[in-house]
Structures are given as structure tokens and as C-alpha cells.
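Examination of the molecular architecture
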Amino acid sequence: MVDNIEELIEAVGKHCKTQADFTDLFKRLRQRGLEAALSGELTEHLGYEKHVRAEKTKNNARNGYSKKSIQTSNGEFELAIPRDREGTFEPQIIPKYVTRFDGIDEKIISLYATGMSTRDIQETLEELYGNAVSPTLISSVTDAILGDVRAWQCRPLDRCYPIVYLDCLVVKVRTEKIVTNKAVYLALGVNIEGQKELLGMWISQNEGAKFWLNVLTELKNRGVEEMFITCVDGLTGFPEAIETVYPKAKVQLCIVHKIRNSLAFVSWKDRKLLATDLKTVYGAKTVTEAELALEAFAKKWDEKYPSISASWRKDWERLTPFFDYPDDIRKAIYTTNAIESLNMTLRKVIKNKRVFPSDESVFKLLYLAIERISRKWTMPIHNWKPAMNRFMIEFNYSVMEG
């Protein structure tokens with residue numbers, strides 16, 4: 001029997017290998033989450049934290065636990081219900097004499113995952129369900145998710161992800177009364193079945209190639225031995241960081257990012273025509289045709305905007321890997337749209353959180369949002385099987401080995 005969150009998380013790496021193992025793990029994490037929420041309710045009732053001695057004017061105190069079997073949609077489990085000395089504590093999340101859990105924590109979590117504020121959640125639950133819940137209870141329920149987040153973040157990964165998108169989004173976090181911008185790093189993989197899976201998320205002060213190197217090393221340590229194509233933006237040093245950890249991987253710079261950067265200093269009257277001419281480069285059928293198109297582009301525009309063709313030539317080796325693949329798979333490779341679409345959805349979720357109080361609050365909200373978003377990732381990439389067959393030949397990879 002695993003008795004605490006940390007031991008449960010450790011069990012992920014040691015014992016959780018099947019879906020049934022993970023189902024059992026998260027069932028027990030939920031049990032610990034409910035117990036944490038009940039403990040938070042008692043703390044609010046008493047007016048002081050656990051292990052803090054009550055003031056002399058406060059005679060009431062914690063008085064151990066009682067056992068209670070609760071029936072839930074995930075099966076039955078036993079909870080340790082905290083008690084107070086005076087017997088005045090009335091739990092909200094699981095009221096006295098109730099033996100079936102009504103799922104109020106799931107309602108709180110579901111609303112929180114949409115980006116709603118604590119006040120909005122309170123008002124919604126009271127209006128729809130007649131449940132008056134406190135801010136402390138909401139925090140306790142959502143804080144219990146942190147155990148799930150840690151277990152998810154350190155879970156073992158597949159041996160191979162043929163395509164991996166790497167990107168970040170920026171959030172504002174209050175640290176020691178100072179609001180700072182922090183980068184949340186995201187790694188979105190496409191597994192050998194062609195389905196998307198978020199491999200993890202990390203947070204740092206700023207985006208940088210050095211931190212990405214740490215991220216990639218962690219992915220390697222969690223079992224990812226092979227990446228075939230990595231799709232990234234043009235951050236300096238990023239491709240080198242990838243090639244250090246995964247030397248066989250091909251780095252594909254995002255064409256969309258490159259176009260945006262190319263148009264950044266182009267006058268409005270020239271933008272439409274210049275963008276059309278750039279499309280003849282990345283829209284070519286072969287890399288040879290693309291090279292000829294770039295030469296034609298340079299002849300036409302170098303006098304006015306010489307830095308554009310120079311920039312494309314400098315990054316040419318990492319802008320053109322997608323030409324090695326058929327049209328269907330090109331669309332999945334030459335842009336980071338897959339992860340940018342995820343980021344756009346996450347930005348909608350965090351728009352109500354102008355400033356996060358901590359890194360943990362960022363992880364809580366994004367984890368819950370990602371869990372909801374990933375439920376829609378049910379279909380593989382179009383025409384994935386021919387693409388995977390090509391990857392297996394090109395990279396000398398055997399599915400049986402993976």
C-alpha cells in the first residue's frame with residue numbers, strides 16, 4: 001500500500017507500465033486529493049494551519065480521523081475524514097452521513113480548467129447546484145491536482161516519437177511581490193500511431209536554447225530514444241541543442257515563423273506581393289525548384305530588402321527537410337501549427353489570469369486545460385501509415401524494437 005503522494009509518484013517510474021496501472025494510480029491520487037481537500041476545509045473551520053498551535057482563546061483543535069467508505073464513479077475507496085475536538089466540523093465536499101460522492105470536486109476542477117476565477121466558480125456552483133463553497137475549498141481541491149501534475153510530468157514515455165514540436169508561451173507570475181514574464185515550454189509529440197501527445201511542460205524565466213537542452217535531456221531520461229523530425233522556431237542555438245541530444249534528428253525550422261520574420265520590416269505596399277513570391281519558394285515541388293525560386297526572389301527583391309534572401313540561405317539546410325516527404329506529411333512538418341493551435345487554446349484559458357500567484361498555479365491550470373484538449377486528439381495524422389513506413393526506412397527504425 002502506498003501511503004502518500006510522493007510514493008505514488010515514484011510508483012509511476014517503477015511500476016506503472018499498463019493502462020490499468022495508471023488507472024489505479026490516479027484513483028489513489030484522487031483519494032489523496034479528497035483527503036487534502038477535507039484537511040483544507042478543517043483548517044478553514046479552525047482558523048489555523050495544521051501543526052500550528054491554536055491560540056489560547058481557541059479551544060477547538062484537530063482530533064484525529066475517522067474512516068469512511070465512499071462510493072464513486074471510479075469505484076469504492078476508504079477516506080480518512082478529519083475530526084475536531086468539539087465536533088462542530090461539517091465537511092462541505094463530503095457531508096456527514098453521505099456515502100456516495102456527488103462529484104463537487106469534479107465540478108470545481110471542470111470549471112477551473114476553463115480558466116474561470118475562484119469568484120466565478122463560487123457563483124456558478126451556487127447558481128447551478130445550490131452549493132455554497134469557500135475559496136479555501138476551491139484552492140484545496142485544485143491544489144490536490146498538483147500530485148497528478150507531478151505524476152504526469154515524470155511518467156515514462158514511448159521509445160520513439162517520429163515528429164516532435166517544441167514551442168513555448170509566456171505567462172505573468174508574481175514572485176516575491178514582483179510580476180515577471182516566464183516561459184512555459186511545451187513538447188508535443190506525434191507517436192508511431194500518428195496521434196498527438198503532450199510529452200511535458202516546463203517553466204523558466206526566459207526562453208533559451210540552454211533550457212531547451214535540459215528539456216530534451218529530461219525527455220531522453222524518460223525513455224524517448226528517437227525523434228525523426230523536430231519542428232521549432234528560429235531561436236538561436238535551438239537546433240544545436242536538439243542535435244546534441246538527438247544527433248539523428250532532422251531539425252525543421254517553422255516556415256510560418258520564417259515568413260513572419262521576413263515580412264517584419266517590409267513596407268505595407270510591398271507585403272502582399274513579396275509574400276506571394278516567397279510562397280513560390282516554400283511551395284515548390286522539389287528542393288531544386290525551391291532553390292531556383294529563391295534565386296528569382298533575390299534578383300527581384302535584394303536591392304530593396306537584401307536581408308531576406310540572405311536569411312533564407314543561411315538557414316536553408318534547416319528550412320528544407322520537409323521537401324523529402326509527400327504533400328500530406330509536409331503539411332505536418334513545415335509549420336509548428338499543431339503546437340501553435342494548442343498554445344492559442346491555452347491562451348484563451350489563461351486570459352482571465354492576468355497574473356499567476358505562483359509557478360504551481362500555472363501548472364495546475366495548464367495541466368487541466370491540456371487534459372480537456374487532449375480528449376479531442378482521437379484521430380491520427382492524415383495518411384500517416386505511408387509516412388511512418390517512410391520514416392522506418394529512412395531512419396532504419398523497427399516498430400518491433402520500440
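Everything discussed here concerns the structure shown above.
Residues numbered from 1 in each chain as written. Predicted model: local features only at pLDDT ≥ 70, side-chain atom pairs only at ≥ 80, totals over all residues. Heavy atoms only, no water.

Some thoughts on the overall build of the protein
A count of helical and extended segments in the protein gives 17 helices and seven strands. The long-range fraction of contacts in the protein, counting pairs at least 24 apart against all pairs at least 6 apart in sequence, stands at 65%. In the form shown here, the protein has an accessible surface area of approximately 21200 Å², with 51% of it arising from carbon and sulfur atoms. (Helix = DSSP H or I, 4+ residues; strand = E, 2+ residues; numbered from the N terminus. Contact = heavy atoms within 4.5 Å. Areas by Shrake-Rupley, 256 points an atom, 1.4 Å probe, with all protein chains shown as cover.)

Focus: the pairing of strand β4 (residues 178-190)
The element β4 is extensively covered by neighbouring structure, given that 10 of its 13 residues are classed as buried. Looking at chain direction, strand β3 (residues 160-175) and β4 are connected through 13 bridges and run antiparallel. The residue of β4 that forms the bridge with V171 is K182. As judged from the eight bridges shared by β4 and strand β5 (residues 196-204), these two strands associate in the antiparallel manner. (Buried < 20%, exposed > 50% of the residue type's maximum accessible area, 1.4 Å probe, protein only. Pairing = 2+ DSSP bridges.)

Regarding the sheet that holds strand β7 (residues 250-253)
If you trace the five strands from one edge of the open sheet to the other, you get β5-β4-β3-β6-β7, paired in mixed fashion. Lying at the two open borders of the sheet, with one neighbouring strand each, are β5 and β7. The sheet shows a mean angle of 25 degrees between the axes of neighbouring strands, direction not considered. Pairing analysis gives four bridges linking strand β6 (residues 226-232) to β7, with the strands arranged parallel. Paired with V232 across the strands is L253, a residue of β7. Against the sheet, helix α7 (residues 209-221) makes contact with β3, β4, β5 and β6, and its axis sits at roughly 135 degrees relative to β5, the strand it touches most. (Axes fitted to C-alpha atoms, helices over the stretch in contact; angles between N-to-C directions.)

A look at the packing of aromatic side chains
Centre distance and the angle of the planes are the two values used to describe a pair of aromatic rings. Evaluated as defined, the whole model comprises 13 aromatic pairs. A network of ring pairs unites the aromatic residues F228, Y325, W384, F391, F395 and Y397 as a single cluster. When the ring centre of Y48 is taken as reference, the NZ or CZ atom of R62 above it lies at 5.6 Å. Seen from the ring of W268, R271 lies directly overhead, with NZ or CZ sitting 4.5 Å from the centre. (Phe/Tyr/Trp six-rings, centres within 6.5 Å; stacked < 30°, edge-to-face > 60°. Lys NZ or Arg CZ within 6 Å of the ring centre and 35° of its normal.)

Things to note about the nonpolar core
If you look at the biggest cluster of nonpolar residues, it comprises 110 residues, and the most contacted ones within it are I163, L219, W312 and F391. A total of 10 residues in this core trace back to one element, the largest contributor, which is β3. Among residues more than four places away in sequence, those in contact with W312 are K258, I259, S262, L278, V281, Y282, L294 and L319. (Core = buried A, V, L, I, M, F, W, Y, C linked by side-chain atoms within 4.5 Å.)

Overview of the layout of surface pockets
The computed volume of the second largest pocket comes to approximately 560 Å³. The wall of the second largest pocket is formed by 30 residues, among which L253, K258, S311, K314 and D315 lie closest to the centre. Where the lining of the second largest pocket is concerned, the elements lending two or more residues are α8 (238-245), β7, α9 (255-263), α12 (306-314) and α13 (316-319). Residue classes in the lining of the second largest pocket are distributed as 13 nonpolar, eight polar and nine charged. (1 Å grid on protein atoms, 1.4 Å probe; cavity = no way out; pocket = protein on both sides within 12 Å on 5 of 7 lines; lining within 4 Å. Points joined across faces, edges and corners; volume = space filled by probe spheres on them. Nonpolar A, V, L, I, M, F, W, Y, C, P; charged D, E, K, R; others polar.)

Section: the side chain of T180
Here T180 is to be found in strand β4. Its relative accessible area of 19% is what places T180 among the buried residues.

What to know about the pattern of salt bridges
In the structure shown here, the tally under the stated rule is 13 salt bridges. For the salt bridge of K182 with D359, the shortest nitrogen-to-oxygen distance reads 3.0 Å. Taken together, the residues span a long stretch of sequence, with K182 in strand β4 and D359 in helix α16 (residues 359-374) at a distance of 177 residues. The class of K182 is buried, set by a relative accessible area of 11%. Across the pair K258 and D315 runs a salt bridge, and its minimum N-O distance is 2.6 Å. Placement of the pair is K258 in helix α9 and D315 in the loop between α12 and α13, with a sequence separation of 57 residues. Judged by relative accessible area, D315 falls into the buried class, the value being 17%. Taken together, the shared-partner salt bridges connect E240, E243 and R318 into one network. (Salt bridge = Lys/Arg side-chain N within 4 Å of Asp/Glu carboxyl O.)

Things to note about the environment of V164
By secondary structure assignment, the location of V164 is in strand β3. For V164, a relative accessible area of 0% corresponds to the buried category. V164 sits 64 residues away from F228 along the chain, and the two C-alpha atoms are 8.0 Å apart. Every residue in contact with V164, bar those within four places of it in the chain, is listed here: L188, G189, M227, I229, T230 and C231.

Topic: unusual backbone geometry
The backbone of K177 sits at a positive phi, close to 70 degrees, despite the residue not being glycine. Counting through the fold element by element, K177 comes out in the loop between β3 and β4. Look at N396: it is not a glycine, yet its phi comes out positive at around 55 degrees. Among the secondary structure elements, N396 is positioned in the segment after α17 (384-394). A relative accessible area of 70% means that N396 is categorised as exposed.

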